[in-house]
Amino acid sequence: MIISNMEIAAIFDQLADLLEIKGENPFKVIAYRNAVRTIENMGTDLSKMIKDGVDLPEIPTIGESIAKKIKEIVTTGKLSKLEDLKRSFPPHLLDLLNIKGIGPKRTKILYENLQINSLEELKKAALAHKIRDLEGFDEKLEQMILEGTKLVKKEGKRFLYSIAEPHANDITAYIKKSKEVSSAIIAGSFRRRKDTVGDLDLLVTSDDPALAIDHFIQYPDIKEVISRGITKSTVILNNDLQVDLRCVPDESYGATLHYFTGSKSHNVTIRKMAIEMGLKVNEYGIFKGKEKIAGVTEEEMYKTVGLSYIEPELRENRGELEAAAHRKLPDLVNIEDIKGDLHTHTTYSDGQNSIMEMAEAAKKLGYEYIAITDHSKLLAIYNGMDEKRLRIQLEEIDKINEQLDGITLLKSIEVDILEDGSLALNNDILKELDLVVGGLHEKLALSQDKQTTRILKAMDNPYFNILAHPTGRLIGERKACDIDMELLFKEVKARGCFLEINAQPKRLDLNDIHAKYAKEAGVKFAISTDAHNIATLDYMRYGIFQARRGWIEKKDAINTLSLDKLKKTLSRT
Ligand code: DGT
Ligand code: CA
Ligand code: CA
């Protein structure tokens, strides 16, 4: 089970919230809250500590009972106490905590007196003026709560990075057209290239914030202006994406950019480091007493607290601060490092372009090679190929390769891994290929044991090279398959196979956290687009973003190798 400190902390945070709503002993609640803070700010990975057998109760604020719960979370991914507690409350009650002015105590009052158990009901009660008379509430607070229900991000809805991206680019270009604006950039999770974003945080430098905001709220794609302050404004676009604008003067640009790029946990940890050095960090700069000693650029911010510059993709408090202090940051892979795509489809299966068209498009991207990996026969709906059709395709690839100049087509297949771990095509044809990409396309809900055994058996086939979209997750639609990831990483490495980082915006699978763990286990990766037409060969950048978030370097990705070296790397014998 791989679970980050942030996820563990979030579980205890929820537990504390629910216990408080329930009216549990306050000291117990405080103990959980303290543990949350400790866990969030720990440099070392709790999952790892437990695996290494380090004694958890020695950590301050983490007593024996909490240590036991951490072990449960790390081994099962859940905390049974929290699950039980959740079942005793309405499912959306905790959403109330997202509203400014409402904490667990007020949630308890709202729930017990007015039976309010969702944001919808909260809004209704506020509109009907039922809240102002409750103990501890008044008219002003009721108004604030009503505002809050309008402000809150839609039901925790997150947007795929790829969906937010064109809006981010467009609104940045738009705001830059204003004469009053000297620079504009989207910070937040978008700048960290997270696979989904909650909202866009637009940071603008200007000497005249009022005029800049006037211009901002006239952006044509706005559905609703939520707030309009002197230096801040929040709007909702027609697709429900929220955009927060903040205006700052040039002299604190670096500090504000750093602050609003986040992540919050990264910021909190830097702030603590600075305090130990006798410095104060905030969104305006770094201060020594009253004197401002940094703030114009991010580089300067990091340097002042003794760190090398940390790329936004790494700012998740997953060890990057420690690495920066010891000058051990990874040299992250760049799109320019990519020499070819190892997962693409053509009209032979469910793609929309011919082999020749895909080859020419790949050449335009400057690639040295492209693997043609159409589906195998299990997938009738995808027009999957049997041995006979694959043979015809291979002959065509040979012919086209003779005509092509400056790019090489690699013979391949995206072969189905059957339920028993065998592959959908026989070895007589697989051995003729330059590489074999294998993937799960059905029976995704097997038990962890069966699913893991199935994949390991598939990789026992000596022609198997790359496991495509390893967990099968589709963001917002389908959960990841239940696989023992640690065992998988170990066995992939032992067999000389590779894991794919699939660049499809809904897959981005392996995800960032898994990629980092896999890399630590010595695994190497193929960053591939799974393109079904020439346009989506361009998805490579999303794969690169996810890889960078997973600390992947050029040397970790096999499709940064020249064709010669790639071929040697793919040979398992
Ligand atoms: P998102 O929008 O949910 O995908 O994630 P972010 O990271 O973009 O979060 P957002 O939009 O709530 O806030 C943007 C950044 O502002 C965040 O990454 C860090 C910073 N920030 C927000 N709230 C706090 C806070 O309470 N403390 C600190 N230190 N930083 C904060
Ligand atoms: Ca954001
Ligand atoms: Ca925001």
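You'll find the structure just up there.
Residues numbered from 1 in each chain as written. Chains lettered and ligands numbered in written order. Predicted model: local features only at pLDDT ≥ 70, side-chain atom pairs only at ≥ 80, totals over all residues. Heavy atoms only, no water.

Participant: Pulling in residues and values, what's your account of the coordination of the calcium ion (ligand 3)?
Facilitator: On the protein side, the calcium ion (ligand 3) has Asp199 (OD), Asp199 (OD), Asp201 (OD) and Asp244 (OD) as donor atoms, found 2.3 to 2.9 Å from it. The sequence motif formed by the donor residues of the calcium ion (ligand 3) is D-x1-D-x42-D. Distance-wise, the calcium ion (ligand 2) is placed 3.8 Å from the calcium ion (ligand 3), both being coordinated by Asp199. With Asp201 in strand 4 (residues 200-206) and Asp244 in strand 7 (residues 242-248), the pair connects residues that are 43 residues apart, well separated along the chain. By relative accessible area, Asp201 is classed as buried at 13%. On the accessibility criterion, Asp244 (9% relative accessible area) is buried. (Donors = N, O, S within 2.8 Å, 3.2 Å for Na, K, Ca; no water. Helix = DSSP H or I, 4+ residues; strand = E, 2+ residues; numbered from the N terminus. Buried < 20%, exposed > 50% of the residue type's maximum accessible area, 1.4 Å probe, protein only.)

Participant: Residue-level account of the sheet that holds strand 15 (residues 437-439), with values.
Facilitator: Taken together, the five strands give an open sheet; going across it, the order is 14-15-16-17-18, and neighbouring strands pair in parallel fashion. Lying at the two open borders of the sheet, with one neighbouring strand each, are strand 14 (414-416) and strand 18 (525-528). Alignment of strand 14 against strand 15, held across three bridges, turns out to be parallel. From the neighbouring strand, Val415 faces strand 15, where its bridge partner is Gly438. The strands touched by helix 22 (residues 540-549) within the sheet are strand 17 (498-502) and strand 18, with strand 18 carrying the most contacts at an inclination of about 145°. (Pairing = 2+ DSSP bridges. Contact = heavy atoms within 4.5 Å. Axes fitted to C-alpha atoms, helices over the stretch in contact; angles between N-to-C directions.)

Participant: Residues and numbers for the pattern of salt bridges, please.
Facilitator: Inspection of every chain in the model, using the stated rule, returns 38 salt bridges. With a closest N to O distance of 3.3 Å, Glu387 and Lys377 form a salt bridge. Of the two residues, Glu387 is situated in helix 17 (residues 387-403) and Lys377 in the loop between strand 12 (369-372) and helix 17; the sequence distance between them amounts to 10 residues. Judged by its relative accessible area of 39%, Lys377 is partly exposed. Here Lys506 and Glu477 are joined by a salt bridge, their closest N and O atoms 2.5 Å apart. Note that Lys506 is positioned in the loop between strand 17 and helix 21 (512-520) and Glu477 in the loop between strand 16 (466-467) and helix 20 (485-495), a separation of 29 residues in sequence. Note on Lys506: relative accessible area 35%, which makes it partly exposed. The structure contains a network of salt bridges with shared partners spanning Asp13, Asp17, Glu20, Arg33 and Lys105. (Salt bridge = Lys/Arg side-chain N within 4 Å of Asp/Glu carboxyl O.)

Participant: I'd love a proper account of the coordination of the calcium ion (ligand 2), names of residues and values included.
Facilitator: Within the protein, the atoms that donate to the calcium ion (ligand 2) are Asp199 (O), Asp199 (OD) and Asp201 (OD), at distances of 2.2 to 3.0 Å. Around the calcium ion (ligand 2) sit six donor atoms, and with donor-metal-donor angles ranging over 65 to 164° the site reads as irregular. (Tetrahedral: all angles 85-135°; square planar, octahedral: opposite > 155°, others 65-115°.)

Participant: Now, about the nonpolar core: what can you tell me, with residues and values included?
Facilitator: If you look at the biggest cluster of nonpolar residues, it comprises 60 residues, and the most contacted ones within it are Leu409, Ile413, Leu488, Leu499, Phe525 and Ile527. Looking at this core, the element that brings in the most residues is helix 16 (residues 355-364), giving five residues. Beyond its immediate chain neighbours, meaning those up to four positions away, Phe525 contacts Leu499, Ile501, Leu510, Ala515, Ala518, Lys519, Ile552, Asp556, Ala557, Ile558 and Asn559. Counting residues in each nonpolar core, the second largest holds 48 residues, with Leu46, Leu119, Ile131 and Leu146 among its members. (Core = buried A, V, L, I, M, F, W, Y, C linked by side-chain atoms within 4.5 Å.)

Participant: Mind laying out the site of ligand 1, listing which residues take part and the relevant values?
Facilitator: Around ligand 1, a shell composed of 17 residues is seen, among which Arg158, Ser189, Arg192, Gly198 and Asp199 lie nearest. Within the backbone of Gly198, an N or O atom sits 2.8 Å from an oxygen atom of ligand 1. Between ligand 1 and the protein, one listed contact pairs an oxygen atom with a side-chain N or O atom of Asp201 at 3.1 Å. The fraction of the free accessible surface of ligand 1 (600 Å²) that becomes covered by protein chains is 75%. (Near = heavy atom within 4 Å. Polar contact = N/O pair within 3.5 Å; in protein donor to acceptor, adjacent residues only side chain to side chain. Areas by Shrake-Rupley, 256 points an atom, 1.4 Å probe, with all protein chains shown as cover.)

Participant: Mind laying out the packing of helix 2 (residues 26-40) against helix 4 (residues 64-76), listing which residues take part and the relevant values?
Facilitator: Packed helices, taken two at a time, are described by the angle their axes make and the gap between the axes. Orientation of helix 2 relative to helix 4, taken along the N-to-C sense of each, is 55°, at an axis distance of 11 Å. Considering their axes alone, helix 2 and helix 4 lie oblique with respect to each other. You can see that helix 2 and helix 4 cross each other, and the crossing is right-handed. In this structure, helix 2 uses Ala31, Tyr32, Ala35 and Ile39 to contact helix 4, whose residues at the interface are Ile66, Lys69 and Ile70. Classifying every residue of the contact of helix 2 with helix 4 gives six nonpolar, no polar and one charged. (Parallel < 35°, antiparallel > 145°, perpendicular 65-115°, else oblique. Left-handed = near helix turned anticlockwise from the far one by under 90°. Nonpolar A, V, L, I, M, F, W, Y, C, P; charged D, E, K, R; others polar.)

Participant: Describe in detail the side chain of Ser162, supporting the description with residues and values.
Facilitator: Its location among the elements puts Ser162 in helix 9 (residues 161-176). For Ser162, a relative accessible area of 18% gives the class buried. With sequence-adjacent residues up to four places away left out, Ser162 is seen in contact with Pro505 and Tyr542.

Participant: With reference to specific residues and values, describe helix 4.
Facilitator: For helix 4, spanning 13 residues, the distance from its first C-alpha to its last is 18 Å, which sits close to the expected 18 Å at 1.5 Å a residue. The complete set of buried residues in helix 4 reads Ile66, Ala67, Lys69, Ile70, Ile73 and Val74. For helix 4, the angular spread of the buried residues around the axis is 160°, confining them to a single face. Among the exposed residues of helix 4, those pointing more than 90 degrees away from its buried face are Glu64, Lys68 and Thr75. Against the buried residues of helix 4 lie helix 1 (5-22), helix 2, helix 3 (46-51) and helix 5 (80-87). The positive-phi residue at the C-terminal boundary of helix 4 is Gly77, with phi of around 80°. (Expected span 1.5 Å × (residues − 1). Arc of directions from axis to C-beta.)

Participant: Can you break down the side chain of Gln451 residue by residue, with the values?
Facilitator: Note that Gln451 resides in helix 19 (residues 448-460). At 3.2 Å, the side chain of Gln451 and the backbone oxygen of Leu444 are in polar contact. A distance of 2.9 Å separates polar atoms of two side chains, one belonging to Gln451 and the other to Arg454. Those residues in contact with Gln451, other than ones at most four positions away along the chain, are Leu440, Lys443, Leu444, Ala445, Leu446, Cys481, Asp482 and Ile483.

Participant: Could you give an account of the pairing of strand 7, naming the residues involved and the relevant values?
Facilitator: A large share of strand 7 lies buried, amounting to seven of its seven residues. Of the two faces of strand 7, the one holding Gln242, Asp244, Arg246 and Val248 and the one holding Val243, Leu245 and Cys247 are both buried throughout. Direction of pairing for strand 4 relative to strand 7: parallel, over a ladder of six bridges. If you follow Val204 over to strand 7, its bridge partner there is Cys247. The pairing of strand 6 (residues 232-237) with strand 7 spans five bridges and is classified as antiparallel. Counted as the bridge partner of Lys232 is Arg246 from strand 7. Counting the residues in the hairpin turn of strand 6 and strand 7 gives four residues, including Asp240, whose phi is positive at 80°.

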